[in-house]
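Commentary on secondary and tertiary structure
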Amino acid sequence: MKRIQLLGTLCLLLSLTALQAQGNAHQEYIERFKEIAIREMERAGIPASIKLAQGILESAGGGSVLARRANNHFGIKCGSAWDGKKDYKKDDDYNDRSELIESCFRHYKDPDASYIAHSEFLRDPRKQYRYGFLFRLDPTDYKGWARGLKQAGYATSATYSIKLIDII
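To start, this report covers the structure provided alongside it.

Rules and cut-offs
- Residues numbered from 1 in each chain as written.
- Predicted model: local features only at pLDDT ≥ 70, side-chain atom pairs only at ≥ 80, totals over all residues.
- Heavy atoms only, no water.
- Helix = DSSP H or I, 4+ residues; strand = E, 2+ residues; numbered from the N terminus.
- Contact = heavy atoms within 4.5 Å.
- Buried < 20%, exposed > 50% of the residue type's maximum accessible area, 1.4 Å probe, protein only.
- Arc of directions from axis to C-beta.
- Disulfide = S-S within 2.5 Å.

A tally of helices and strands in the protein yields eight helices and two strands. Start at the N end of the protein and walk to the C end: the helices and strands fall as α-α-α-α-β-β-α-α-α-α. A sequence separation of at least 24 residues applies to 52% of the contacts in the protein between residues at least 6 apart.

What follows concerns helix H8 (residues 160-167). For an α-helix the count is 3.6 residues per turn, leaving residues at separations of three or four pointing the same way. All of the buried residues along H8 are Tyr160, Ser161, Leu164, Ile165 and Ile167. End-on view of H8: buried residues confined to an arc of 160°, all on one side of the axis.

Counted according to the given criterion, the structure contains one disulfide. Across the disulfide, cysteine 78 is cross-linked to cysteine 104 (sulfur-sulfur distance 2.0 Å). Judged by the sign of its S-S torsion, about -65°, the cystine formed by cysteine 78 and cysteine 104 is left-handed. Of the two residues, cysteine 78 sits in the loop between helix H4 (65-70) and strand E1 (86-94) while cysteine 104 sits in strand E2 (residues 100-106), which places them 26 residues apart along the sequence.

By themselves, these observations are geometric and do not establish any function.
Written as structure tokens, this is what we have:
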């Protein structure tokens with residue numbers, strides 16, 4: 001991808017984010033993670049704007065318990081194949097008595113590892129049926145990516161795509 005398109009997308013993201021009510025917090029988050037988001041966009045094909053917006057949303061701008069305690073900025077759960085360090089918190093999993101139970105989340109050594117793992121999570125060949133169509137979208141089509149993530153079931157929120165678009 002051309003670096004100029006990338007810089008244009010990031011400038012747009014930075015400009016729009018500054019207008020948001022949480023502009024300062026978002027700006028700080030973007031400044032901290034923009035380089036890894038750009039590297040991952042170039043390596044894995046996920047738009048930096050989407051990755052940063054998801055990071056802001058999923059980690060409350062890096063301030064969530066999961067982000068601070070487990071360096072997990074994308075809310076990625078353990079799953080059956082995860083053999084790394086784990087962190088537990090109540091989220092959206094219930095036992096057979098309909099009681100909310102702790103969910104298992106991946107624990108990363110640092111936030112950058114979380115950004116890389118997020119790319120690998122979306123690119124995982126076992127999830128191609130679910131997320132593969134996203135990689136056929138134009139990388140500047142952040143609205144298509146946001147809607148596609150919601151359509152693919154990345155998050156349970158009915159307004160997930162709207163929230164991502166609003167952040168961008």
